[in-house]
Amino acid sequence: MAVGVLALQGSFNEHIAALGRLGVKGVEIRKPEQLQNVTSLIIPGGESTTMAKLAEFHNLFPALREFVKMGKPVWGTCAGLIFLANKAIGQKTGGQELVGGLDCTVHRNYFGSQIQSFEAELPVPELVCKEGGPETFRGVFIRAPAVLEVGPGVDVLAECPVPSTNVLYSSSAVQIQEENSMPEKKVVVALKQRNLLGTAFHPELTADTRWHSYFLKMVSEVGEGTSSSIVPAGGVDLSNDGKLRIDLPIF
């Protein structure tokens, strides 16, 4: 048994590489029957509408929903978060099919288009508590969604400040006005509910593997024998002293 990575489209290779850096084997998943060979699943970032069409073509949605209902750990990043949400808004005409399970409402492309992609240092106290390392995580947001509402059983793991949409003008006749009187707005960008984990950003595009390590601990906590079913890649010892080595981010 190994960690499955949905490999229809998007950054599945990057997730498999991140798992490999932790000594865990990632298995590409493209067909429903392949889910029987894994104990957990990562749904990567990508183009959510395209991924949904491919998943529908391969009849994956019923199997994915059953996988979630069985209580197996599933982590969705960016487009994967949209897949796991119970409700998604801001979608293209006709919408897209969802797997569901996370009691939240997600806004697709909340932060804007491709050219409005950005990086931000996110306070992550829960991640630091479990994995150690720096107090912040550098989130890579690419046409990213955001969580607008969460249910009572959802744990918020990270929030991101929303830049003000007010435009400041400067000229000889108009003085620039400060916006310090405007209250800072934040949206949820990482959350957890039972066996489900969601991040609006792309941890797989950095060298910081703490989110992957956090997810692997979720796999180990699911049930008896689950931790021994994680297949090491290249015979790497997965045990550590709690002080995970953090490389510098790629970006």
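These numbers come from a predicted model, not from an experiment.

### Thoughts on the overall build of the chain
For step 1, the next point in the chain: A count of helical and extended segments in the chain gives six helices and 12 strands.
For step 2, the next point in the chain: When the 251 residues of the chain are sorted by exposure, 46% land in the buried category.
For step 3, the next point in the chain: As displayed, the chain offers around 12,500 Å² of accessible surface, 52% of which is attributable to carbon and sulfur atoms.

### Quick notes on the UniProt feature "active site" (unreviewed entry) in the chain
For step 1, the next point in the chain: When the UniProt feature table is mapped onto this chain numbering, "active site" (unreviewed entry) sits at Cys78, His202 and Glu204. For the residues just named, distributed over 127 residues, the greatest C-alpha separation is only 10.8 Å, placing them together at one site.
For step 2, the next point in the chain: Note that Cys78 resides in the loop between β4 (74-77) and α4 (79-84).
For step 3, the next point in the chain: A relative accessible area of 2% means that Cys78 is categorised as buried.
For step 4, the next point in the chain: Beyond its immediate sequence surroundings of up to four residues, Cys78 is in contact with Gly45, Ile142, Arg143, Ala144, Pro145, Thr199, Ala200, Phe201 and His202.
For step 5, the next point in the chain: Within the secondary structure, Glu204 sits in the loop between β12 (196-199) and α6 (210-222).
For step 6, the next point in the chain: The exposure class of Glu204 is buried, given its relative accessible area of 3%.
For step 7, the next point in the chain: Not counting the four nearest positions on each side in its chain, Glu204 is found in contact with Ser11, Glu14, His15, Gly45, Thr77 and His212.

### Comments concerning the pairing of strand β1 (residues 2-6)
For step 1, the next point in the chain: Here β1 lies mainly inside the structure; five of its five residues are buried.
For step 2, the next point in the chain: In this sheet, strand β3 (residues 38-43) lies alongside β1 in parallel orientation, the contact comprising four bridges. The partner of Val3 across the bridge, within β3, is Ser40.
For step 3, the next point in the chain: Pairing analysis gives four bridges linking β1 to strand β2 (residues 26-29), with the strands arranged parallel. Along β2, the bridge assignment pairs Gly4 with Val27.

### Quick notes on the packing of aromatic side chains
For step 1, the next point in the chain: Tallied over the full model, the rule gives 11 aromatic pairs.
For step 2, the next point in the chain: One aromatic cluster is present, built from ring pairs that chain together Tyr110, Phe111, Phe118, Phe137, Phe141, Phe201, Trp211 and Tyr214.

### Here we look at the confidence of the model for the chain
For step 1, the next point in the chain: When pLDDT is averaged across the chain, the result is 83; 78% of the residues are at 70 or more.
For step 2, the next point in the chain: When the criterion is pLDDT under 50, residues 165-182 qualifies, and its contacts beyond four places in sequence or with other chains add up to 10 contacts.
For step 3, the next point in the chain: Here residues 235-251 is a poorly scored stretch, pLDDT under 50, and it has 27 contacts once near neighbours within four places are set aside; other chains count.

### A closer look at the pattern of salt bridges
Oppositely charged side chains may form a pair once their charged atoms are brought near each other.
For step 1, the next point in the chain: Counted according to the given criterion, the structure contains eight salt bridges.
For step 2, the next point in the chain: With a closest N to O distance of 3.3 Å, Glu126 and Lys130 form a salt bridge. One end of the pair, Glu126, and the other, Lys130, are both in helix α5 (residues 125-131), four residues apart, so they sit about a helical turn from each other.
For step 3, the next point in the chain: The class of Glu126 is partly exposed, set by a relative accessible area of 27%.

### With respect to the nonpolar core
Burial of nonpolar side chains together is a common tendency in soluble globular proteins.
For step 1, the next point in the chain: The biggest cluster of nonpolar side chains holds 66 residues, and the ones touching the most others in it are Phe141, Val189 and Trp211.
For step 2, the next point in the chain: No other element matches the six residues that α6 contributes to this core.
For step 3, the next point in the chain: Beyond its immediate chain neighbours, meaning those up to four positions away, Phe141 contacts Phe111, Ser117, Phe118, Ala120, Leu122, Cys160, Val189, Ala200 and Phe201.

### A look at helix α3 (residues 61-69)
For step 1, the next point in the chain: All of the buried residues along α3 are Phe61, Leu64, Phe67 and Val68. Buried residues in α3, looked at end-on, bunch into an arc of 120 degrees, giving them a common side.
For step 2, the next point in the chain: Summarising the contacts, the buried residues of α3 are in contact with β3, α2 (48-57), β4, α4 and β12.
For step 3, the next point in the chain: Downstream of α3 by one or two residues, Gly71 has phi in the positive range, about 85 degrees.

Criteria and cut-off values
Residues numbered from 1 in each chain as written. Predicted model: local features only at pLDDT ≥ 70, side-chain atom pairs only at ≥ 80, totals over all residues. Heavy atoms only, no water. Helix = DSSP H or I, 4+ residues; strand = E, 2+ residues; numbered from the N terminus. Buried < 20%, exposed > 50% of the residue type's maximum accessible area, 1.4 Å probe, protein only. Areas by Shrake-Rupley, 256 points an atom, 1.4 Å probe, with all protein chains shown as cover. UniProt positions renumbered as here; feature names shortened; annotations may be inferred. Contact = heavy atoms within 4.5 Å. Pairing = 2+ DSSP bridges. Phe/Tyr/Trp six-rings, centres within 6.5 Å; stacked < 30°, edge-to-face > 60°. pLDDT = per-residue confidence, 0-100. Salt bridge = Lys/Arg side-chain N within 4 Å of Asp/Glu carboxyl O. Core = buried A, V, L, I, M, F, W, Y, C linked by side-chain atoms within 4.5 Å. Arc of directions from axis to C-beta.

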